[in-house]
Each structure stands twice: as structure tokens, then as C-alpha cells.
Amino acid sequence: MRHLLSPLDMSVEELDSLFDLANDIEKNPDKYKDACRNKKIATLFYEPSTRTRLSFEAAMINLGGQVLGFSEAASSSAAKGESLADTIKVVSCYADICAMRHPKEGSALVAANNANIPVINAGDGGHQHPTQTLTDLLTIRSLKGKLGGFTIGLCGDLKFGRTVHSLINALLRYDDIKFVLISPEELKVPDYIRDAIEEAGCEYEEVTNLDDVMGDLDILYMTRVQRERFFNEEDYIRLKDSFILTKDKMKEAREDMLVLHPLPRVNEISVKVDKDPRAVYFKQAQYGVYVRMALILKLMEVEV
Ligand code: NCD
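The paragraphs below set out a description of the structure included in this document. Just so it is clear, the model here is predicted, and its values are computed rather than measured.

**Quick look at the overall build of the protein**
Within the protein, the secondary structure is distributed over 11 helices and 9 strands. In terms of overall size, the protein behaves like a compact globule, its C-alpha atoms giving a radius of gyration of 19 Å where 304 residues would be expected to give roughly 19 Å. In terms of overall dimensions, the protein has C-alpha extents of about 55 × 45 × 40 Å along its principal axes. Buried positions account for 55% of the 304 residues belonging to the protein. Averaging the coordinates of the 38 positive side-chain charges in the protein and doing the same for the 48 negative ones gives two points 6 Å apart.

**Examining the layout of surface pockets**
Each pocket or cavity is described by its volume, and for the largest pocket that value is around 370 Å³. Along the wall of the largest pocket there are 21 residues; nearest its centre are Arg-101, Arg-162, Arg-224, Leu-263 and Pro-264. Elements with a contribution of two residues or more to the lining of the largest pocket: helix H2 (51–62) and helix H6 (162–171). The residue inventory of the lining of the largest pocket, partitioned by class, reads 4 nonpolar, 10 polar and 7 charged.

**Considerations on the site of the ligand**
Taken together, Thr-52, Arg-101, His-129, Gln-132, Arg-162, Thr-163, Arg-224, Gln-226, Pro-262, Leu-263 and Pro-264 make up the full set of residues near the ligand. Note that a nitrogen atom of the ligand is positioned 3.1 Å from one of the side-chain N or O atoms of Gln-132. Between the ligand and the protein, one listed contact pairs a nitrogen atom with a backbone N or O atom of Pro-262 at 2.9 Å. Taking 310 Å² as the accessible area of the ligand by itself, protein coverage stands at 94%. Assessed atom by atom at 2 Å from the grid points, the ligand resides in the largest pocket.

**Here's the deal with the side chain of Ser-107**
Relative to the assigned elements, Ser-107 resides in helix H4 (residues 107–114). In this structure Ser-107 comes out as buried when scored by relative accessible area, which is 4%. At 2.7 Å, the side chain of Ser-107 forms a polar contact with the backbone oxygen of Lys-104. Residues within four places of Ser-107 in sequence aside, it is in contact with Leu-84, Met-100, His-102 and Asp-124.

**Comments concerning the sheet that holds strand E5 (residues 150–155)**
Spatially, the 5 strands line up as an open sheet ordered E7-E6-E5-E8-E9, and their pairing is parallel. Two strands in the sheet have a free side with no partner beyond their single neighbour: strand E7 (203–207) and strand E9 (258–260). Sheet twist, expressed as the average angle between the axes of neighbouring strands with direction ignored, equals 15°. Note that E5 and strand E8 (residues 219–222) share 4 bridges and pair parallel. Its bridge partner being in E8, Leu-154 is matched across the sheet by Tyr-221. Sitting on the sheet, helix H5 (residues 130–144) is in contact with E5, E8 and E9, with an inclination near 165° to E9.

Cut-offs and rules
Residues numbered from 1 in each chain as written. Predicted model: local features only at pLDDT ≥ 70, side-chain atom pairs only at ≥ 80, totals over all residues. Heavy atoms only, no water. Helix = DSSP H or I, 4+ residues; strand = E, 2+ residues; numbered from the N terminus. Rg over C-alpha atoms; globule rule 2.2 N^0.38 Å. Buried < 20%, exposed > 50% of the residue type's maximum accessible area, 1.4 Å probe, protein only. Lys, Arg positive; Asp, Glu negative; His and termini not counted. Charge placed at Lys NZ, Arg CZ, Asp CG, Glu CD. 1 Å grid on protein atoms, 1.4 Å probe; cavity = no way out; pocket = protein on both sides within 12 Å on 5 of 7 lines; lining within 4 Å. Points joined across faces, edges and corners; volume = space filled by probe spheres on them. Nonpolar A, V, L, I, M, F, W, Y, C, P; charged D, E, K, R; others polar. Near = heavy atom within 4 Å. Polar contact = N/O pair within 3.5 Å; in protein donor to acceptor, adjacent residues only side chain to side chain. Areas by Shrake-Rupley, 256 points an atom, 1.4 Å probe, with all protein chains shown as cover. Sits in = over half its atoms within 2 Å of the grid points. Contact = heavy atoms within 4.5 Å. Pairing = 2+ DSSP bridges. Axes fitted to C-alpha atoms, helices over the stretch in contact; angles between N-to-C directions.

What follows is the structure, encoded as C-alpha cells:
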């Protein structure tokens, strides 16, 4: 049984083949429209989501399959005290694959250990978010034509931002990547992520000012300050507007720099930047559907 708990669960070769499949799905959607007929995905969301849950559901529907699930813990039996292990055993009787988002780090592993169907980690607390990373990598590969050989700035909440952790882990396997980690002191990447960068011998710098590095970047990955993971509201209010990408700041950027954001955006990118052709975050959300379609096919071992 294959699960996807971390972006490292797939080798670089497997990722390449996944992205080729996603690009083919983009070009020839009709070819795949019955690939998962009579199959069901359960989406178990114990935390809020728009893109991740809906893109999984859209992905399965595009493949001719069906969806079931819940979008908040309060409407599941977790509210009655059921354990995650029991829930997942039961869901295994109803669906062929499941995507789960949960506020606790490590919950996806607990689910996988108790499931009889493939489990996809759709975000476990502040830990990892591998399918966002697949989306990010497919976006970069499709728009830049390669993975590797670039300087990527990751900006915002690098401490609690699980998309950042997964993306760094995944990019460490490609050649010639330089990370510029842009955050307030309090929101720097956790030690385990810095250790992974150092162990991989990858070049990186940690800075607190976006303007100083803007012109060096091939990719700027903006993130939201993760309010729900703060211990107190005062700290959130103090830090929430640490970085705001504006049209003026974009003037300092390279002409071919891409701006990515996992979304949701709060305040960190001015809406006036949206029209800039370098701002690709809505395109990125579209790639999220293709890559999740490809992932469902791979994990369910469906050949088309
Ligand atoms: C991200 C998440 O849930 O971690 N959202 C998403 O899935 N696109 C980013 C965020 O919430 O800031």
C-alpha cells in the first residue's frame, strides 16, 4: 500500500513521471475522464481548507470517480470522542483512497498505520503538506522548464508554514538550488529544516529584509503568517504584516522571476500585483488539480 505522507515518499524519478502525467492530463483531459469510474475518495478535513479539499474533489470528479467526506471535525465523530485510528479503519470500508488534513503533527502517519487504503497527507499541523509541494514543483517545472539551477526566496512565516517545510525538503534533492529564507527572527525555519539544508550541503542565507534580496531571486514563494498556530494573538498582530509584496517592490525583481503563494493570501501580496504576469499563484492553484489527478492515478495504480 502506497501512502503520501511526506514529499520524500516519492523518488525524484517517480516525481518526474508524476509531473509528465500531470502535464498530459492538462493537455488531454478527455483521455482520463473515466479512469476512476466507480472509485471513491474520502476527504477528511479536521482543519479549514478551500483549495486542497476542493482540488482533491475536483480531481476525483474529473477522473469520473466520486467523493465523500467531511470538512470540519465538528461534523465528524471526532466530536463524540472517536479516535483517528478508528475513524480511518471505518473510512477504509467506504472509500478507495483518502486525503486527510489534521491539526496535529504526525496524524497522517497514525492514519496510514491504521488504513487499508492509500492515505494522502493534506497537511498535518505545522509539519508537512506534500501535495502542496507537488503543486509547487509542477508549477515551477511547467513554467521554468526545469527543477534545479535557481535561487528561491521563501518569505513570511517559515516557522509554522508547513508548505515551506515540505517544499524545502523536496527541493534539496535537485541540483544547484540556493535558498534565501526571508522572515522575522521569531518566524525562522525550525531547526530540523535548517539541519536538512546543511546536511544536503545546499547554499542558503537567512535574512529579515525582502527588499535587499529581491533582485537576486528566480522564484519568490510568499506565505501567510499562520495565525492559528500562534500561542497568543498579540504576537500574531505584531508579525502579521512583516512583509507585503507591492507593485513597487516588483520593480526591483527580475523580469522572469515567478511569484508563487500556496494561498490563502491575507495581506502579504497586494491585489495590485495579481495582474503582473510574474504572479502565478492562481495558475498554481490550477496545477494543483492536475497533479492531484496524477497522484490519485499513481497511488491507486490505475493505468490509462
Ligand atoms: C496552505 C496550508 O494549508 O498549509 N494552504 C493550502 O493548502 N494551499 C497554506 C496556508 O494555509 O497558509
